Each structure stands twice: as C-alpha cells, then as structure tokens.
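Structural overview for review
Below, each chain spelled out in residue letters.
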Amino acid sequence: MAVSTMDPEPGPHQGGRGRGVLVGPMDAEPGPHQGGGGLVGPPKQGGLVVGPPKQGGLVGPLLGPQGKHYVCGSIAAFTNIVVTFPLQKVLFRQQLHGVTAREALRQLGADGVGRLYRGLLPPLLQKSTTVAIMFGLYEDFSRVLLDRAAASGLAVPDIATRSFAAAAAGTAEAVLTPFERVQTLLQDHRHHGRFHNTAHTFRTLLSDHGVSELYRGLVPVLLRNGPSNVLFFGLRGPLKDRLQGPPTEGGGAPLWGRHLAVDFACGGLLGAFLGIAFYPLNVAKSRAQAQVGGPFRPLGAVLGAVWTERGGSVGRLFRGAHLNWHRSLLSWGIINATYEMLLRVM
C-alpha cells in the first residue's frame, strides 16, 4: 500500500476466513456481513434476505473473478487522485520544506491557478496502477498461496499466507517508483524552470543520469509499501466487522448508503493511521527524490539531515502530519468505498 501517500494511496478484505477461494471481495458481490468477504448470493435469516440483493453486472463476467479487482482498484484510485490532488500539493510542500500550511498555500497561490494541477499525470498513472496492483496481486497471491498450502496438506496459518501476499503485492508496487520520482520534481517549485511536464522530466532524467536516477528514494518506498500493506489487509476485515455491527434485516437500496459509509470509514481510518505511522519515511522519500544527480545517500543519512535541519524536533519532523491525516482519511475512504461499490455492481 503506497501510503504517500497510504495514497494513498497505502486493502485487506478479511482477517483470514476461508481457503482456496479468496477471502475478500471475490466472485460474487461482497456480502455486507463478512468484513468485506465474498458471498455467493445474499445470506438469509428467518426467511428474510439480509443485506442487499445480489447485483448483476455486464463487466464482471468479461473481466473474470480476478481481473475485476485490478479494474476496480484502478478506477477507485483515479477518482481519489482527481479529488485530492490540490491537498496533496500542500502536504508535499510541508514535507519537503518544513513550512506551515499557511506558507504552503501562499506558495501555491503565487504559482497561480494554472499550475495547481501541474504534476497531476504522474500520480494519476502511478496511483491508478499501484492500487490496481495492490488489490489485484493481493487477491492473486492469496489464491495461489492458499491453494498451494491446501494441495500440499501443510497446516499453514491463513494469516501467514495473506500477510506474505500483502507484502509481495506492496513490493511489486515499488516498480512504479519512477512516477513518484517525477511527481516530486514537478511539484517542487525549485524545478519549475527545468522540467516542463511528465514526458520531458522522464527524458531529461534518463538522458542525463540514466535509469538509476528514476529509482532515487527506492529504499523508503520499499520499507513503506510492504509493511503498510500487511497492516492494511490484516486490519481491514476486523475493523469493518466492528463498524458494521450486527446484521440488519431487510434489503435493497436503503442499505447501500450504510455499506458505502462503513467502507469509507474503514478505509479512511486505516489510511490515516498508516499515513501517520510511516510519515517519516515519506519525508525521507520526498527529500531524496527532490535531488537531481549526485550520490545516492543512505536512508539514515537523509533522515539525519532532515532531523538536524529541523532542530532535532519531533514536531517539526512531523510537520504536515495533521494535513496528511485528513488527506489520507479522505483518500483511502474514497478508494475503499469506490472499490467495494464497483465490486458490487460489476
């Protein structure tokens, strides 16, 4: 989970129930009382349908039970980026320069409205792809690992296989680090005169410094993605169960609002928590990726330089964290709610 932005970006489906068939939004629409798990048809209680009726979709059968997780994740991330990009730019200025929110807003105002969405394309491409990978590969890795464990007869704890699947999916996301790299340079006002747009930035970095320059800041990205994915996928199911409460009799459209609200709250709370937990890594990533050329400094050296520049103050190291909390709450709420909604209708 690339919590940059957990942009974000930085979900799990259940806490581990079921084997062979993925626990999480799967073949049928996700049932409302399983912490995000898939149900084949609506459950019944006393002759009454509990939860919304099963929805049919034309796209789901075309994509297959696994393919739609990639598509739903990508669309959810696209929606989130378009809505929250201006807020992300304010947060980025605070992470990079340690300025207040008021000063960051003043800088954006000085840049002009025309540059408000400057740098949108890299996160749009990066996030829509990484979230697709996050959800899709988690489902695929989980299915393969659970099937292998069942076939071999090994008593592997479900939580172990799903944690490994989540970490592997997060590591795979790091392949797209170059998009975060380009986004950082386009958002940094010190590089406005040097880099014109996404394509020009890629060309300049490749021609002047080579492929390795695109992966500057890779170490904090790896340390962020894997563990944050494990926590997100591991906690989302139990949290959703707790927020959802006991089953409600009845069905149909009136419950859709409730499901949407629960999914938004579940994703938002987890995203906000993980965004704070991994905030120093994002600060180090922004600082490392704002540099063009020169030696690649170790993560410890980058964090040490930031710590010294900010007077050895934890408060200044976490400057912008409050805004990151609100942005992550909104971003991952949108991603999680949109993802689950799309799974129901496909």
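**Considering the pattern of salt bridges**
- Enumeration over the complete set of coordinates arrives at twelve salt bridges.
- Taking the shortest distance from any N to any O, the salt bridge between Arg181 and Glu213 comes out at 2.4 Å. Residue Arg181 is located in helix 5 (residues 177-187), and its partner Glu213 is located in helix 7 (residues 211-214); the two are separated by 32 residues in the primary sequence.
- Exposure remark for Arg181: the relative accessible area of 0% places this residue in the buried category.
- By relative accessible area, which is 2% here, Glu213 ends up buried.
- The salt bridge involving Arg236 is made with Glu340; its shortest N-O contact spans 2.4 Å. On the criterion of sequence distance, the pair formed by Arg236 in helix 8 (residues 218-244) and Glu340 in helix 13 (residues 321-345) is long-range, its members being 104 residues apart. For the pair Arg236 and Glu340, a shared accessibility class is recorded, and that class is buried.

**Let's talk about the side chain of Gln126**
- Inspection of the secondary structure assignment puts Gln126 in helix 3 (residues 121-152).
- Owing to a relative accessible area of 4%, Gln126 belongs among the buried residues under this scheme.
- For Gln126, the residues in contact, after removing those within four places along its chain, are Leu176, Phe179 and Glu180.

**Let's talk about helix 4 (residues 158-173)**
- The end-to-end C-alpha separation of helix 4 is 23 Å, in line with the 22 Å expected for 16 residues at 1.5 Å each.
- If you check which residues of helix 4 are buried, you get Asp158, Thr161, Arg162, Ala165, Ala166, Ala169, Gly170 and Glu173.
- Residues of helix 4 that are buried make contact with helix 3, helix 5 and helix 8.

**A few points about the packing of aromatic side chains**
- The final tally for this structure, using the stated rule, is eight aromatic pairs.
- With a centroid separation of 5.6 Å and 25 degrees between ring planes, the pair formed by Phe85 and Tyr117 is classed as stacked. A residue pair is termed long-range when its members are at least 10 positions apart, and Phe85 in helix 1 (residues 59-97) and Tyr117 in the loop between helix 2 (101-111) and helix 3 qualify at 32 residues.
- Using a relative accessible area of 2% as the deciding quantity, one classes Phe85 as buried.
- In textbook terms, an aromatic cluster arises when at least three aromatic residues are bridged by ring pairs, as seen for Phe135, Tyr138, Phe232, Phe233, Trp332 and Tyr339.
- Geometry around Phe296 places Arg216 over its ring, the cationic atom sitting 4.0 Å from the centre.

**Notes on the packing of helix 5 against helix 10 (residues 279-289)**
- Put simply, helix 5 and helix 10 touch, their axes get as near as 9 Å, and they point 70 degrees apart. One finds that helix 5 runs roughly perpendicular with respect to helix 10. Of the residues in helix 10, those in contact with Thr177, Glu180, Arg181, Thr184 and Leu185 of helix 5 are Lys285, Ser286 and Gln289.
- When grouped by side-chain class, the residues that make up the contact of helix 5 with helix 10 number one nonpolar, four polar and three charged.

**Description of the packing of helix 3 against helix 8**
- For the pair helix 3 and helix 8, the least separation of the axes is 12 Å and the interaxial angle reads 65 degrees. One finds that helix 3 runs roughly perpendicular with respect to helix 8. In the crossing of helix 3 with helix 8, the sense of the turn from one axis to the other is right-handed. In contact with Met134, Phe135 and Tyr138 of helix 3, helix 8 contributes Asn229, Phe232, Phe233 and Arg236.
- Among the residues forming the contact of helix 3 with helix 8, the class breakdown is five nonpolar, one polar and one charged.

**Some remarks on the confidence of the model for the protein**
- When pLDDT is averaged across the protein, the result is 80; 79% of the residues are at 70 or more.
- Averaged pLDDT values for the elements of the protein fall to 36 in strand 2 (residues 48-49) and rise to 95 in helix 7.
- Here residues 5-56 scores under 50 on pLDDT; set against residues more than four positions off or in separate chains, the count is 195 contacts.

Analysis parameters
Residues numbered from 1 in each chain as written. Predicted model: local features only at pLDDT ≥ 70, side-chain atom pairs only at ≥ 80, totals over all residues. Heavy atoms only, no water. Salt bridge = Lys/Arg side-chain N within 4 Å of Asp/Glu carboxyl O. Helix = DSSP H or I, 4+ residues; strand = E, 2+ residues; numbered from the N terminus. Buried < 20%, exposed > 50% of the residue type's maximum accessible area, 1.4 Å probe, protein only. Contact = heavy atoms within 4.5 Å. Expected span 1.5 Å × (residues − 1). Phe/Tyr/Trp six-rings, centres within 6.5 Å; stacked < 30°, edge-to-face > 60°. Lys NZ or Arg CZ within 6 Å of the ring centre and 35° of its normal. Axes fitted to C-alpha atoms, helices over the stretch in contact; angles between N-to-C directions. Parallel < 35°, antiparallel > 145°, perpendicular 65-115°, else oblique. Nonpolar A, V, L, I, M, F, W, Y, C, P; charged D, E, K, R; others polar. Left-handed = near helix turned anticlockwise from the far one by under 90°. pLDDT = per-residue confidence, 0-100.

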